Amino acid sequence: MFKKILVANRGEIACRVMRTAKAMGIKTVAVYSDADARAPHVLMADESVRLGPAPAAESYLKAELILLAAKETGADCIHPGYGFLSERESFALACAEAGIAFVGPPPNAIAAMGDKIESKKLAKAAGVNVVPGYLGEIDSTDHAVEIAGGIGYPVMMKASAGGGGKGMRLAYSEQDVREGFEATKREGLASFGDDRVFIEKFIESPRHIEIQLIGDQHGNIVYLNERECSIQRRHQKVVEEAPSPFVTPKMRKAMGEQAVALAQAVGYYSAGTVELIVSGADTTGEGFYFLEMNTRLQVEHPVTEEITGLDLVELMIRVAAGEPLGFGQDEVKLNGWSIENRVYAEDPYRGFLPSIGRLVRYNPPETSPLPQAGGAGGGHALSSTATTTFEDDASPPPNPLPQAGGGETRVRVDDGVREGGEVSMFYDPMIAKLITWAPTRDGAIAAQIAALDAFELDGPGNNIDFLSAIMQHPRFQAGELTTGFIAEEYPEGFHGAPADASLLKTLAAVAAFAATAEADRARRIDGQLGRRLRPPADWSVTIDTIDHAVTVSTEGIAVDGEDLDLALEYTPGDRMVVADGYGVDGDEHLTIRIAKARSGFKLTTRGASHVARVLPARVAPYAAHMLEKVAPDLSKFLICPMPGLLVRLDVAAGDKVEAGQPLAVVEAMKMENILRAEKTGTVKSVAAKTGDSLAVDQVILELD
């Protein structure tokens, strides 16, 4: 077994790999850029080595620096994580030449499956269903338009070496192809060093389902069930679950065997994922097509770990060390249901624009205790129950089967950040992964909703409210998913999850209760003139333009004349209130994040923030006479909606523009964002130039 592992990555996946390595007794080495000098993965490692400046191209993508770090620290293996160099054949070859084990598949398999064009050709030759498309070289935008027209719209344009939602554009018309082809090439070149693009038919109403594989160097390879990843935005996965609510046992077997056959054709070993596009309209279970194979560990691997009881990172390390899997396909179990939500630094209330900055507060929900001691990364324990003697240079083999999973709901958080840290503009915006497990899908969803309510994250904008809204959505709960779910259900953007009358009444009660506690503390301050006043008992609480009359007394709380059977506790300064007794049956615990606002409180729960204006009942009638501040008209300005780099400016002073016309392109978090004119006009002045680093809300140009 290896003595020391270098993790050629950052953030949560670096921490995830190190937790398993430490549990296996393997020393760890971290690498870091200047932006990550005090990052958790650096502090967690036994040793750390600086690579270079913050940009990935000058640090994490420098293979020669990573290999040098491995040699200098004596690391005998390298785990690449995901992204960065994880699917670079050249890096795997360089590791082999340096005599350092690469914890991943063989270079030839990376080359065969990592190139999306070549992998489709191989899949087709192997008899695997593939989506109709054009796999040859595309010479120009005009050539792309010709190809797209021949296939039939809509089509998907993809960077050949792409992944993680980068370098992908959906085109419904010739105009979409002309606007998106060059951008797809640029994103492919910037993110993966390869500007080749292929075009394929886009299957409407599709489901994205993938098969997890694990194989060893002795010819054994098995599939570890499926994951559904249909909830996506801009082709970036947001929610994943295992198993899929759509897949039947027969369909699972067919997809799994086809994935294994494809992997065997290229001599694959280690962890890998075969991604499939599935027609949700085809109930026969035969309408699935090969998309691509990711020759690495996936971001969403925890849900597979939760339902199988396997530590995939540990298996990858053991396979790289030459150990056999030790189990066969018939021994792979499927226990319960697991869901993962990706917590991103992006603002869903502003069109999901990337957000950066300091994590002023970071307090994830409490994680559940593991079924038994051991294991790693927040997953199931894998330690063997038998007592065995091993050689000095060996470590005990994993027990490949799930331990007693029990029927208790579990919560797991995989992250690589800490309170006070920075979310940088240089890397992926994912902050954490929230994973839940329960015996049933409904239980896993309920656990997600409760955990998201309890997730404290202040500083950069985040998508926690949006994730909660998805979990509560009737269509999601029914399992009626497609990759177009977000666009279909939120066509006008996200404005918070809808709240029913029962929730609003509960929030009104909480706001009045907190106001009573604040008033009670205020009256106890020493040095006040006159007698101490009793806090008001009657309050007027306005939430979402609805007024509620609330009475707080020693007997309880009444809202609009209705007594609420709630148990509440609040001390001024608390950031969270738990309302016991919530729900139709009064058996739910509603967690509410609470913060003081100008004339009341901001209450956040169940996927939305609600500002509650709280006034004593005798004062409330006078609020109608207060003047409201009118927001300034900013429609004549093109304002940068997120921090980023201005990579293209399409107009100059004096140019006439039409509403919807592209004016500029800003790159943020490795994604290009097209900024369009809100109205027709003439460019009066331009305040920025190509290559400028822009701050959020910075003016780019002004229209007459």
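Everything numeric in this text was worked out from a predicted model, so none of it was measured.

**Topic: the packing of helix H3 (residues 63-73) against helix H4 (residues 89-97)**
And step 1. One way to put it is that H3 packs onto H4 with a least axis distance of 11 Å and a crossing angle of 30 degrees. When the axis of H3 is compared with that of H4, the two are roughly parallel. Pair H3 / H4 crosses with right-handed handedness. Taken together, the residues of H4 that come into contact with H3 (itself represented by Ala63, Ile66 and Leu67) are Phe91, Ala94 and Cys95.
And step 2. The residue inventory of the contact of H3 with H4, partitioned by class, reads 6 nonpolar, no polar and no charged.

**Here we look at the pattern of salt bridges**
And step 1. For the structure shown, the criterion picks out 52 salt bridges.
And step 2. One salt bridge in this structure joins Arg676 and Glu179, with 3.3 Å as the shortest N-O distance. Taken together, the residues span a long stretch of sequence, with Arg676 in strand S36 (residues 671-676) and Glu179 in helix H8 (residues 174-192) at a distance of 497 residues.
And step 3. We classify Arg676 as partly exposed; its relative accessible area is 36%.
And step 4. Owing to a relative accessible area of 30%, Glu179 belongs among the partly exposed residues under this scheme.
And step 5. The shortest N-O distance in the salt bridge between Arg410 and Glu306 comes to 3.5 Å. With Arg410 in strand S20 (residues 410-415) and Glu306 in helix H10 (residues 301-308), the pair connects residues that are 104 residues apart, well separated along the chain.

**Details of the packing of aromatic side chains**
Two aromatic rings are characterised by how far apart their centres lie and by the angle between their planes.
And step 1. Inspection of every chain in the model, using the stated rule, returns 11 aromatic pairs.
And step 2. Taken together, a centroid distance of 6.5 Å and an interplanar angle of 80 degrees make the contact between Tyr570 and Phe601 edge-to-face. A residue pair is termed long-range when its members are at least 10 positions apart, and Tyr570 in the loop between strand S27 (562-564) and strand S28 (576-582) and Phe601 in strand S30 (residues 600-605) qualify at 31 residues. Here Tyr570 matches Phe601 in class, with each residue buried.
And step 3. Grouped by ring-pair contacts, the aromatic residues Tyr349, Phe352, Phe466, Tyr490 and Phe494 constitute a single cluster.
And step 4. Over the face of the ring belonging to Trp437 we find Arg410, whose NZ or CZ atom lies 4.0 Å from the ring centre.
And step 5. The lysine or arginine in question, Arg441, covers the ring of Phe476, its NZ or CZ lying 4.7 Å from the ring centre.

**Structural notes on the confidence of the model for the chain**
And step 1. In the predicted model, the chain carries a mean pLDDT of 90, and the fraction of residues at 70 or more is 94%.
And step 2. Between residues 371-405, whose pLDDT stays under 50, and residues either more than four places distant or in other chains, the model counts 73 contacts.

**Observations regarding the sheet that holds S28**
And step 1. Reading across the sheet, the 8 strands line up as S27-S26-S25-S24-S31-S30-S29-S28 and stay open at both edges, with antiparallel pairing between neighbours. Since the sheet does not close on itself, it has two edges, and those belong to S27 and S28, each with one partner. Averaged over neighbouring strand pairs, the angle between their axes works out to 35 degrees when direction is ignored.
And step 2. Pairing between strand S24 (residues 538-543) and strand S25 (residues 546-553): 6 bridges, direction antiparallel. By the bridge assignment, Asp538 is partnered in S25 with Thr551.

**Digging into the nonpolar core**
And step 1. Grouped together as the largest cluster of nonpolar side chains are 38 residues, with contacts concentrated most on Ile231, Val239, Ile431, Met471 and Phe476.
And step 2. For this core, the elements supplying multiple residues, two or more each, are strand S12 (236-242), strand S15 (337-344), S20, strand S22 (430-438), helix H12 (441-453), helix H13 (464-472) and helix H15 (485-489).
And step 3. In terms of residue count, the dominant contributor to this core is H13 (6 residues).
And step 4. Apart from the residues lying within four places of it in its own chain, the contact partners of Ile231 are Gln236, Lys237, Val238, Val239, Ile470, Phe476, Leu481, Phe485 and Ile486.
And step 5. Residues Ile5, Ala30, Ile317 and Ala320 belong to the second largest nonpolar core, which totals 36 residues.

**Considering a negative patch on the surface**
And step 1. Taken together, the side chains of Glu137, Asp139, Glu182 and Asp195 define an acidic patch exposed on the protein surface.
And step 2. Note that Asp195 resides in the loop between H8 and strand S9 (197-201).

**Some remarks on the environment of Lys250**
And step 1. Considering the arrangement of structural elements, one finds Lys250 in helix H9 (residues 249-265).
And step 2. Sequence separation of Lys250 and Glu286 is 36 residues, and the distance between their C-alpha atoms is 9.8 Å.

**Considering the sheet that holds strand S37 (residues 681-686)**
And step 1. Taking strand neighbours across the sheet as the criterion, the 4 strands line up as S32-S39-S37-S34 in an open arrangement whose pairing is antiparallel. In this open sheet, the two strands that pair with only one neighbour each are strand S32 (637-639) and strand S34 (656-657).

**Here's the deal with helix H1 (residues 11-23)**
And step 1. Spanning 13 residues, H1 covers 19 Å between terminal C-alpha atoms, matching the ideal 18 Å at 1.5 Å per step.
And step 2. Summarising burial for H1: 10 of the 13 residues are buried, a large majority.
And step 3. Just downstream of H1 lies Gly25, where phi reads positive at about 80 degrees.

**Concerning the environment of Tyr349**
And step 1. Take Tyr349: it is sitting in the loop between strand S16 (346-347) and strand S17 (353-354).
And step 2. With 348 residues separating them in the primary sequence, Tyr349 and Met1 have C-alpha atoms 49 Å apart.
And step 3. Not counting residues up to four positions away in its chain, the partners in contact with Tyr349 are Asp465, Phe494, His495, Gly496, Gly607, Ala608 and Ser609.
And step 4. A distance of 2.7 Å separates polar atoms of two side chains, one belonging to Tyr349 and the other to Asp465.

So, how was this worked out
- Residues numbered from 1 in each chain as written.
- Predicted model: local features only at pLDDT ≥ 70, side-chain atom pairs only at ≥ 80, totals over all residues.
- Heavy atoms only, no water.
- Axes fitted to C-alpha atoms, helices over the stretch in contact; angles between N-to-C directions.
- Helix = DSSP H or I, 4+ residues; strand = E, 2+ residues; numbered from the N terminus.
- Parallel < 35°, antiparallel > 145°, perpendicular 65-115°, else oblique.
- Left-handed = near helix turned anticlockwise from the far one by under 90°.
- Contact = heavy atoms within 4.5 Å.
- Nonpolar A, V, L, I, M, F, W, Y, C, P; charged D, E, K, R; others polar.
- Salt bridge = Lys/Arg side-chain N within 4 Å of Asp/Glu carboxyl O.
- Buried < 20%, exposed > 50% of the residue type's maximum accessible area, 1.4 Å probe, protein only.
- Phe/Tyr/Trp six-rings, centres within 6.5 Å; stacked < 30°, edge-to-face > 60°.
- Lys NZ or Arg CZ within 6 Å of the ring centre and 35° of its normal.
- pLDDT = per-residue confidence, 0-100.
- Pairing = 2+ DSSP bridges.
- Core = buried A, V, L, I, M, F, W, Y, C linked by side-chain atoms within 4.5 Å.
- Patch = residues over 30% accessible without salt bridge, like charges linked within 9 Å, V, L, I, M, F, W, Y side chains within 5 Å.
- Areas by Shrake-Rupley, 256 points an atom, 1.4 Å probe, with all protein chains shown as cover.
- Lys, Arg positive; Asp, Glu negative; His and termini not counted.
- Charge placed at Lys NZ, Arg CZ, Asp CG, Glu CD.
- Expected span 1.5 Å × (residues − 1).
- Polar contact = N/O pair within 3.5 Å; in protein donor to acceptor, adjacent residues only side chain to side chain.

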